[in-house]
Amino acid sequence: MDISTALPSEIWQEIAELACTDGGRTGASLAMSCKFLRVQTYAKRFHSLAFHSLAQIESFLPLIRAPRTLHVDATQIPVVRHLWLSFFDESSSATSQFAWPWDVRVLVALLELLPSVAPTLSTLVLAQGHIQELPPLALAFQFPQLTELTLFGTPTNGPVGGN
């Protein structure tokens, strides 16, 4: 029996939503297993995401940027319900191939990531170290579905949201 005819696509999407609650590993595994599952689980496999470095965010952004390059129906918009952003292990002096400072790269990445996930986000965790301070950018977006916000770390320049 062919996997593509075994179950309707709605069932595959439901399976993906239930399975993809581990920060992204299961979704990535499903996407790599075969083209059929990559397409069927696209909108649901980003249910729960955990990023522990700026490099992880930068490598994820193309996935939400251009679904057509992944041979996915353009009407399937990724739904992110839970997002963990942690920068404890980042070096504030890390630079990209363009030699941008770390804080500028974070700002650019968050300016692309947050508007994409904000409409559907239920929980958001922001974890920062004393050296790797996140810009108060997250507070500039509306999160209509947000029910839980967790902040770890202490900004060195004042309360959350700026000086």
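Residues numbered from 1 in each chain as written. Predicted model: local features only at pLDDT ≥ 70, side-chain atom pairs only at ≥ 80, totals over all residues. Heavy atoms only, no water.

## Structural notes on the overall build of the protein
Turning to step 1, where the next piece is worked out: Scanning the protein from N- to C-terminus turns up 6 helices and 4 strands.
Turning to step 2, where the next piece is worked out: The linear arrangement of helices and strands in the protein, starting from the amino end, is α-α-α-α-β-α-β-α-β-β.
Turning to step 3, where the next piece is worked out: In the protein, which comprises 163 residues, the proportion classed as buried is 38%.
Turning to step 4, where the next piece is worked out: Considering only contacts in the protein between residues 6 or more positions apart, those separated by 24 or more positions represent 77%. (Helix = DSSP H or I, 4+ residues; strand = E, 2+ residues; numbered from the N terminus. Buried < 20%, exposed > 50% of the residue type's maximum accessible area, 1.4 Å probe, protein only. Contact = heavy atoms within 4.5 Å.)

## Remarks on the nonpolar core
Turning to step 1, where the next piece is worked out: Counting 24 residues, the largest nonpolar core has Phe51, Ile57, Leu83, Leu85 and Leu113 as its most contacted members.
Turning to step 2, where the next piece is worked out: Elements supplying a minimum of two residues to this core: β1 (48-51), α5 (54-65), β2 (82-86), α6 (102-117) and β3 (123-127).
Turning to step 3, where the next piece is worked out: A total of 6 residues in this core trace back to one element, the largest contributor, which is α6. (Core = buried A, V, L, I, M, F, W, Y, C linked by side-chain atoms within 4.5 Å.)

## Quick look at the sheet that holds β2
Each strand in a sheet pairs with another by means of backbone hydrogen bonds, the pair being arranged parallel or else antiparallel.
Turning to step 1, where the next piece is worked out: Strand order in this open sheet of 4 strands is β1-β2-β3-β4, and the pairing throughout is parallel. One side of each edge strand has no neighbouring strand; the edge strands of this open sheet are β1 and β4 (148-152). Along the sheet, successive strands turn relative to each other by an average axial angle of 5°, direction set aside.
Turning to step 2, where the next piece is worked out: Direction of pairing for β3 relative to β4: parallel, over a ladder of 5 bridges. Paired with threonine 123 across the two strands is glutamate 148, which belongs to β4.
Turning to step 3, where the next piece is worked out: This element, α5, spans β1 and β2 of the sheet and lies at about 135° to β1. (Pairing = 2+ DSSP bridges. Axes fitted to C-alpha atoms, helices over the stretch in contact; angles between N-to-C directions.)

## Observations concerning the packing of aromatic side chains
Turning to step 1, where the next piece is worked out: This model, assessed by the stated rule, comprises 2 aromatic pairs.
Turning to step 2, where the next piece is worked out: A network of ring pairs unites the aromatic residues Phe46, Phe51 and Phe60 as a single cluster. (Phe/Tyr/Trp six-rings, centres within 6.5 Å; stacked < 30°, edge-to-face > 60°.)

## What to know about the environment of leucine 126
Turning to step 1, where the next piece is worked out: Mapping leucine 126 onto the fold places it in strand β3.
Turning to step 2, where the next piece is worked out: What makes leucine 126 buried here is its relative accessible area of 13%.
Turning to step 3, where the next piece is worked out: Here the alpha-carbon distance between leucine 126 and tryptophan 84, two residues 42 residues apart in the chain, equals 6.3 Å.

## Quick word on the pattern of salt bridges
Turning to step 1, where the next piece is worked out: By the definition in use, this model includes 1 salt bridge.
Turning to step 2, where the next piece is worked out: For arginine 105, the salt bridge goes to glutamate 58, with nearest N and O atoms at 2.6 Å. Here the residue arginine 105 occupies a position in helix α6, and glutamate 58 occupies one in helix α5, the gap between them amounting to 47 residues.
Turning to step 3, where the next piece is worked out: Residue arginine 105 is classed as buried on the basis of its relative accessible area, which comes to 9%.
Turning to step 4, where the next piece is worked out: According to the relative accessible area criterion, glutamate 58 is partly exposed, its value standing at 30%. (Salt bridge = Lys/Arg side-chain N within 4 Å of Asp/Glu carboxyl O.)

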